[in-house]
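The chain contents come next:
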Amino acid sequence: SVLFLGAYVCVPARLMGGALALLSLVVFLLRSIVMFNQTANRAAGRMKRLNLIECLNSTVAFVAGGIFALSLRASAEALLGGLALGALCSLLADRWALVKAVAPIPVNRPLLRDIGRFAAPLALSFVVSSLLQNADRFLLGSLSGAAAVGIYAVAVTLVDRPLTLICSAIHTASFPLMAHALEHEGAEVASTQMVRSGTLLMALTAPTCVGLASVSVAVTTVMVGSEFRAGVISLLPIVAWAAFLRTIALHFLEHAFHLSRRSGTLLAIYVPVTVLSVLANYLLVPRFGVSGAAWVAVGAQALVVSAELTIGRRC
């Protein structure tokens, strides 16, 4: 939040609308507190409450955002208002968990230092991973214009949303099993559980990606406006490849680095791949447009998967 406010003060107003920027900060803060609650629910094994709160958040955000967009105007502010209202309703419904989570507890300083040594590189790797996933949109906007960003973003979102639902369901259930196996039965049993979960993940996500690529015309006819339709149809098979590779890296291979406490190694993989991705986009986007950005994403995710597979086995 402090970084955001600093950027808000420094970036010229023409680049970032005032109301839109502050509303984004409100959404971020409310959703972050909801996620804090959800982490407490997950740690306590309250899976029913976790799912009910998440469904409430999504439903209110969708309905309220739709009402704001239809009754006021179809704008980013309307959709962000819906997201803020959804997070606020979830926070109020689960407020007792927040009160309980922030209650005074004994501080174990050695444990906090140990967590910090592991979490700092992990948090940075998430930041760099997010940059790898989203930098191409900013480059498209500056090199090819807003229309190219719209086409690319729609194609990526059409594939990303169903994959996220599948991966979240598997990850929520399987990662605690891996951690429990590592703690109580050893690395070999945890590795077996990891492979079992990864096999299930690929068995569900591969047909999803192939199916979305195969019915791209039908999907875009129903889901996408006429201005974006032709571009999205051509992009969907490419971004499906990138999404599948990213799913394998994020929800399968990276668990080896989490469980072995090698978060610094994970960061060392992401940094050079992200730099290469940005350079490749600068070279290819002016010549090939959105398709160039899509193929760069495939290549970058393939490099990540190859490196994580090779190094993760040693971990």
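That block above? That's the structure.
Counting of residues starts from 1 at the beginning of each chain's written sequence and follows it residue by residue. Reporting of local features is limited, given that this is a predicted model, to residues whose pLDDT is at least 70; pairs of side-chain atoms are given and counted only at 80 or more, and all residues count toward the totals for whole chains, interfaces and linings. Note that water and hydrogens are dropped before the side-chain values are worked out from all heavy atoms of the structure.

Enquirer: Would you mind showing me how to read the nonpolar core here?
Expert: Among soluble globular proteins, nonpolar side chains are generally buried collectively. Judged by nonpolar contacts, the single largest core of 52 residues is most densely connected at Leu140, Tyr152, Val159, Val232, Leu235, Leu236 and Val239. Elements represented by at least two residues in this core include exactly helix H6 (109-144), helix H7 (146-184), helix H8 (187-214), helix H10 (226-253), helix H11 (255-259), helix H12 (263-288) and helix H13 (290-314). In this text, helices come from DSSP runs of H or I with a minimum length of four residues, and strands from runs of E with a minimum of two, each type numbered from the N-terminal end. Sort the elements by how many residues they give to this core and H10 lands first, with 14 residues. The contact rule is simple, with two residues in contact once any of their heavy atoms fall within 4.5 Å. What Val232 contacts, discounting residues up to four positions off in sequence, is Ile151, Val154, Ala155, Leu158, Thr220 and Val224. The nonpolar core is taken to be a set of buried Ala, Val, Leu, Ile, Met, Phe, Trp, Tyr and Cys residues, with the residues joined through side-chain atoms within 4.5 Å. Buried, partly exposed and exposed residues are distinguished by accessible area as a fraction of the type maximum, computed with a 1.4 Å probe on protein chains only: under 20%, between the cut-offs, and over 50%, respectively.

Enquirer: Quick question: what am I supposed to make of the packing of H6 against H12 here?
Expert: Geometrically, a packed helix pair is captured by the angle between its two axes and the distance between the axes. The convention used is that axes are lines fitted to C-alpha atoms, helices contributing only their stretch in contact, and that angles between N-to-C directions extend from 0 to 180 degrees. Where H6 contacts H12, the two axes come as close as 8 Å, and the packing angle between them is 5°. Relative to H12, the element H6 is oriented roughly parallel. When residue character is reported, Ala, Val, Leu, Ile, Met, Phe, Trp, Tyr, Cys and Pro are called nonpolar, Asp, Glu, Lys and Arg charged, and the others, Gly included, polar. Residues that form the contact of H6 with H12 fall into these classes: 20 nonpolar, 8 polar and 2 charged. To sort the angles, those under 35 degrees are grouped as roughly parallel, those over 145 as roughly antiparallel, those from 65 to 115 as roughly perpendicular, and the leftovers as oblique.

Enquirer: What exactly am I supposed to notice about the packing of helix H9 (residues 216-223) against H10 here?
Expert: The interhelical angle for the contact between H9 and H10, taken along N-to-C directions, is 145°, at an axis separation of 9 Å. Here H9 runs over H10; the crossing is right-handed. Residue-level contacts link Ser216, Val217, Thr220 and Thr221 of H9 to Arg229, Val232, Ile233 and Leu236 of H10. Looking at the contact of H9 with H10, its residues break down into 4 nonpolar, 3 polar and 1 charged. The crossing is said to be left-handed when, going from far helix to near helix, the turn is anticlockwise and less than a right angle, and right-handed when the turn is clockwise.

Enquirer: Please explain H6 as it appears in this structure.
Expert: For an α-helix, the turn length of 3.6 residues means that residues three or four places apart are oriented alike. A helix is expected to span 1.5 Å for every residue after the first. With 36 residues, H6 extends 50 Å between its outermost C-alpha atoms, agreeing within 8% with the 52 Å of an ideal straight helix rising 1.5 Å per residue. If you check which residues of H6 are buried, you get Pro121, Leu122, Ser125, Val128, Ser129, Leu132, Ala135, Asp136, Leu139 and Leu140. Buried residues in H6 make contact with H7, H10, H11, H12 and H13. At the N-terminal boundary of H6, the capping side chain belongs to Asn108, with an oxygen 3.2 Å from the backbone nitrogen of Leu111. Looking one or two places after H6, you find Gly145, whose phi comes out positive at around 100°. Nitrogen and oxygen atoms within 3.5 Å of one another constitute a polar contact, given that in protein one can donate a hydrogen and the other can accept it, and given that sequence-neighbouring residues count only through two side-chain atoms.

Coordinates in, geometry out; function isn't part of it.
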